[in-house]
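Now for the letters of each chain:
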Amino acid sequence: MTIEHVTDDNFVAEIKDGLVLVDFWAPWCGPCKMIAPVLNELDVEMGEQVKIVKLNVDENTATTQQYGIMGIPALILFKDGEKIDQAVGLQPKEAISSLIAKHS
């Protein structure tokens, strides 16, 4: 699978089915750039279990505010449209895969 970029307009539709990990990020954020290759690896390894999408916080302020994102990168895990878990800040691959695995 390929990591898609979501927006305020399609966010609800993208998270409504199954397990979805949303990466709240910004292009100027150093830790966001560092976590991107980790998420790409996880997408290849766990793509059958979870869909991974990215939301640019600068361009999509409504969704960012709705979920109270204060620090990025912020990872929020949704199951069938409901927020079930989250992690803020740069996370190691093992921590992110564990977060996904415990809900899949």
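In this text, all values refer to a predicted model and were calculated from it rather than measured experimentally.

A. How the structure looks around the packing of aromatic side chains. On inspection of all chains with the given rule, the structure shows five aromatic pairs. Seen from their ring centres, Phe24 and Tyr67 are 6.4 Å apart, and the 50° between their planes marks the pair as tilted. Taken together, the positions of Phe24 in strand β2 (residues 19-25) and Tyr67 in the loop between α3 (61-66) and β4 (74-79) put the pair 43 residues apart, joining distant regions of the chain. Aromatic ring contacts, followed pair by pair, group Phe11, Phe24, Tyr67 and Phe78 into a single cluster. Across the ring face of Trp25, the terminal group of Lys54 is positioned such that the distance to the ring centre comes to 5.0 Å.

B. Quick peek at the sheet that holds β2. Strands sit in the order β1-β3-β2-β4-β5 across an open sheet of five strands; the sheet is mixed. Only two strands of the sheet have a single partner each, and these edge strands are β1 (4-6) and β5 (82-88). Mean inter-strand twist for the sheet, computed between neighbouring axes without regard to direction, equals 30°. For β1 and strand β3 (residues 51-56), the ladder comprises three bridges, and the chain directions are parallel. Bridged to His5 within β3 is Lys54. Strands in contact with helix α4 (residues 93-101) are β2, β4 and β5; relative to β2, the strand with the most contacts, it is inclined by about 140°.

The rules behind these values
- Residues numbered from 1 in each chain as written.
- Predicted model: local features only at pLDDT ≥ 70, side-chain atom pairs only at ≥ 80, totals over all residues.
- Heavy atoms only, no water.
- Phe/Tyr/Trp six-rings, centres within 6.5 Å; stacked < 30°, edge-to-face > 60°.
- Helix = DSSP H or I, 4+ residues; strand = E, 2+ residues; numbered from the N terminus.
- Lys NZ or Arg CZ within 6 Å of the ring centre and 35° of its normal.
- Pairing = 2+ DSSP bridges.
- Axes fitted to C-alpha atoms, helices over the stretch in contact; angles between N-to-C directions.
- Contact = heavy atoms within 4.5 Å.

Such coordinate-based values are descriptive only and should not be taken to indicate function.
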